Each structure stands twice: as structure tokens, then as C-alpha cells.
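Observations on chain architecture
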Amino acid sequence: MSRTDTMSAPTDSKTTPAGFPADRPGNALRPFTLLWRREMTRLRHNPLRLAMGLVTPLLFLVVLGTGLDAASSSLGKAQLNDYRAYLFPGTLVMSVQAPAIAVGISLVWDRRLGMLRQMLVSPFPRSSIVLGLAVGGATTGGIYGLMLLSVGGIASIRYTPMLLVVLLEMLLVSLMFTALGLLAAVTIRQVDTFQIVVNLSLMPLMFFSGAMFPPNGLPGWLDAVVKLNPLTYGVDAVRRTLPGPDILTSEQTRLMLGDWHPPVIAELGLLAALTAVALGLATYRFSRTQ
């Protein structure tokens, strides 16, 4: 073939420079799978991270829960009995937030080390890249939650099939945290700034979520903050689903909006909607990242 024939030969416009046909089925799933496996590999090769991630939730559950149990017994306040059971849903949520947010930190580091640029020039949809990171972080958080569920007996939690529903709720909460972390990661470029923002955000979210005290009958300003906190609905949904003492489902501890007890499905729907919005915004910002 002559040089002229070679130059005039038709080219396949559907083939990317990297050699991946744009219409090949499953191409969009490839980055999703690779990034999910990357998060699982990081977790598998760092067992110390897995162990240390459970230290704070267990301290809250065992030390704070036992201490307040003893105090309520000595004061004769029956409504506070078995406070560990009441505290357990909050510690579950606490256990999944840190590993999920860690995905956002890794993305900031990827930008600093140049790996983010390689993701941006790949022929894959940006949405599949963001979704792969999000599901990887949610899976990591779900593993933390599963480990804490396995010791739920110390908080009088019963081991029944309902724990599978609780695990699904924890995966949704973990996915929400991951989506919010990714949204922050594609907006904030400095690692130090990202860590400061995340640390300043997570603690108020936990304290104002009804994880440590009933969300009803609070002073006006505190009541408004608790009801506007989306994590409040996640903690309440987990608490009402957990099989355990009556304190988990009593009228005094269930979230009330006026005279209405929002059903669990509505609370989970709110979390799912917030997660979808955060993932959509993160994908949009990720597509515009330079």
C-alpha cells in the first residue's frame, strides 16, 4: 500500500486514543470496578486502619454508655436505663463516617500526585469514575458497620434477620457520607484545608443528630438544628429498625416533626435524595476539574 493510500484510508472515529472503542459494552463499568477494587485493596492491606477506625465508636458505646447507665440507675431514672442500647445506633453511624470520608481525602491526594489527571484523560465517563469511588467508600464503611454490629450484644441488640435491613441502611448512610466527601474533595484542592473542613463538619453532624440524646423536647434553637440535620433521620431510621430493648422504639425516643412520626421509608428516601444530589454535583464538578 502506498503512502497516499495509507493517508486516505478511513479511520474509526469511535476508537479513542487509548484504544478503547467508545461503544464497547461494559466500558463504563470498567473504571467503576477498578476504583472499587482499589478501595478494597487499600482496606485489605491496612488492617491497622480497620482496627483503629472502631476505637472511637467502641469508646463511646462502652465507656460513655456504661457510665450513663450507672448514673441513671443511681438517680432512679428508669427512662435512661440501658443507655448503651440507645447510643448504639449513633455509634454505628459514627463507625461508617470516617472510612467513607477517607475516599475524599484520597481523591485530594490523587490530584496532588497527578493521578487525578490520568483519570480525567481516560476515555471513560466521569460519572462512572465518581460512582466507583463512592461505592468503594460506601463498601468500606459498610464493613466497619458490620464489624460493630457483630458486637451489638453488649448493647442488648438481638441477632435477628432484621440486622440485614440495618446493614443496608448503614450502606446508604455510608454512601451519603462518601458522596458528600467527594463533593468536598472536588471543590477543595488543598489536603490540609479539606481535613480541617471535614473535621469541623463531622462532629457537629454527630452531636446534633439525636445520637446521644432524644431529638424531641429540645430548646427552640437546638430543636431546629437537630431537625434540619439530615443525619438525624439516618440515626432515627437505624434506631427504629434495630432489634433490641423497647427504648429503641419508644415514643420518647422516636423523632417527631410536630405531631408526626416520619416513617422509616421516608427518612431513608430523604437520605437517598441527598446522596443523589451530592453525587450529581460531585460528577459535575469533577467534569470541570482541571
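Nothing here was measured: the structure is a model prediction, and the numbers come from that model.

**Some thoughts on the overall build of the protein chain**
When you go through the protein chain residue by residue, the secondary structure sums to 12 helices and zero strands. Put simply, of all contacts in the protein chain between residues at least 6 apart along the chain, 78% involve residues at least 24 apart. Put simply, the protein chain shows about 14700 Å² of open surface, and 67% of that area lies on carbon and sulfur atoms.

**Topic: unusual backbone geometry**
Of note, Ser156 is a non-glycine position whose phi angle comes to about 65°, a positive value. By secondary structure assignment, the location of Ser156 is in the loop between helix 7 (126-149) and helix 8 (162-185).

**Let's talk about the nonpolar core**
In this structure, Leu92 and Leu242 are the most contacted members of the largest nonpolar core, which totals 56 residues. Those elements that place two or more of their residues in this core are helix 5 (83-113), helix 7, helix 8, helix 9 (191-207), helix 11 (230-241) and helix 12 (264-287). Examining the composition of this core, we find that 14 residues originate from one element, helix 5, more than from any other. In contact with Leu92, not counting residues within four places along its chain, are Gly145, Leu148, Leu149, Val166, Met170, Val238 and Leu242.

**Thoughts on the packing of helix 8 against helix 12**
Relative orientation of the contacting elements helix 8 and helix 12 amounts to 30°, with a least axis distance of 8 Å. Between helix 8 and helix 12, the angle is such that the two are roughly parallel. Handedness of the crossing formed by helix 8 with helix 12: left-handed. Mapping the contact onto sequence places Glu169, Leu172, Val173, Leu175, Met176, Ala179, Leu180, Leu182 and Leu183 in helix 8 and Val264, Leu268, Leu271, Ala272, Leu274, Thr275, Ala278, Leu279, Leu281, Ala282 and Arg285 in helix 12. Each residue belonging to the contact of helix 8 with helix 12 can be placed in one class, and the counts come to 17 nonpolar, one polar and two charged.

**Describing the environment of Pro89**
Relative to the helices and strands, Pro89 resides in helix 5. Between the C-alpha atom of Pro89 and that of Val166, which follows or precedes it by 77 residues, the distance is 9.5 Å. Aside from chain neighbours lying at most four places away, what touches Pro89 is Val235, Val238, Arg239, Leu242 and Leu248.

**Brief notes about the environment of Ala102**
Looking at the element boundaries, Ala102 is found in helix 5. On the basis of relative accessible area, Ala102 is assigned to the partly exposed category, the value being 25%. With 80 residues separating them in the primary sequence, Ala102 and Leu182 have C-alpha atoms 9.4 Å apart.

**Comments concerning the side chain of Thr253**
Tracing the backbone through its elements, the reader meets Thr253 in the loop between helix 11 and helix 12. By relative accessible area, Thr253 is classed as buried at 6%.

**Quick look at the confidence of the model for the protein chain**
Overall, the predicted model of the protein chain reaches an average pLDDT of 76, with 69% of residues at or above 70. Mean pLDDT values over the elements of the protein chain span from 43, in helix 1 (residues 3-8), up to 93, in helix 11. Below a pLDDT of 50 lies the segment residues 1-23, which in the model reaches 13 contacts outside its immediate sequence neighbourhood of four places, other chains included. Across residues 73-81, confidence stays below pLDDT 50; counting only partners more than four residues off in sequence or on other chains, it has eight contacts.

**Details of the pattern of salt bridges**
Evaluated as defined, the whole model comprises three salt bridges. For Arg240, the salt bridge identified is with Asp236, shortest N-O distance 3.1 Å. Of the two residues, Arg240 and Asp236 both sit in helix 11, four residues apart, roughly one turn of that helix. Considered together, Arg240 and Asp236 belong to a single accessibility category, that of buried residues. With a shortest N-O distance of 3.8 Å, Arg240 and Glu267 are connected by a salt bridge. In this pair, Arg240 sits in helix 11 while Glu267 sits in helix 12, placing the two residues 27 residues apart along the sequence. With respect to burial, Arg240 and Glu267 carry one shared label: buried. Shared partners join several salt bridges into a network, and the residues in it are Asp236, Arg240 and Glu267.

**Quick notes on helix 12**
With 24 residues, helix 12 ought to run about 34 Å at 1.5 Å a step, and its terminal C-alpha atoms sit 35 Å apart, in line with that. Residues of helix 12 that are buried: Glu267, Leu268, Leu271, Thr275, Ala278, Leu279, Ala282, Thr283 and Phe286.

**Thoughts on the packing of helix 7 against helix 12**
Two quantities define a packed helix pair, namely the angle between the axes and the distance from one axis to the other. At a minimum axis separation of 9 Å, helix 7 and helix 12 run at an interaxial angle of 125°. Viewed along their axes, helix 7 and helix 12 adopt a mutual orientation that is oblique. The handedness of the crossing between helix 7 and helix 12 is right-handed. For the pair helix 7 and helix 12, contact is made by Arg126, Ser127, Ile129, Val130, Leu131 and Ala134 and by Leu279, Ala282, Thr283, Phe286 and Ser287, respectively. Broken down by class, the residue content of the contact of helix 7 with helix 12 amounts to seven nonpolar, three polar and one charged.

Each value, and the rule that gives it
Residues numbered from 1 in each chain as written. Predicted model: local features only at pLDDT ≥ 70, side-chain atom pairs only at ≥ 80, totals over all residues. Heavy atoms only, no water. Helix = DSSP H or I, 4+ residues; strand = E, 2+ residues; numbered from the N terminus. Contact = heavy atoms within 4.5 Å. Areas by Shrake-Rupley, 256 points an atom, 1.4 Å probe, with all protein chains shown as cover. Core = buried A, V, L, I, M, F, W, Y, C linked by side-chain atoms within 4.5 Å. Buried < 20%, exposed > 50% of the residue type's maximum accessible area, 1.4 Å probe, protein only. Axes fitted to C-alpha atoms, helices over the stretch in contact; angles between N-to-C directions. Parallel < 35°, antiparallel > 145°, perpendicular 65-115°, else oblique. Left-handed = near helix turned anticlockwise from the far one by under 90°. Nonpolar A, V, L, I, M, F, W, Y, C, P; charged D, E, K, R; others polar. pLDDT = per-residue confidence, 0-100. Salt bridge = Lys/Arg side-chain N within 4 Å of Asp/Glu carboxyl O. Expected span 1.5 Å × (residues − 1).

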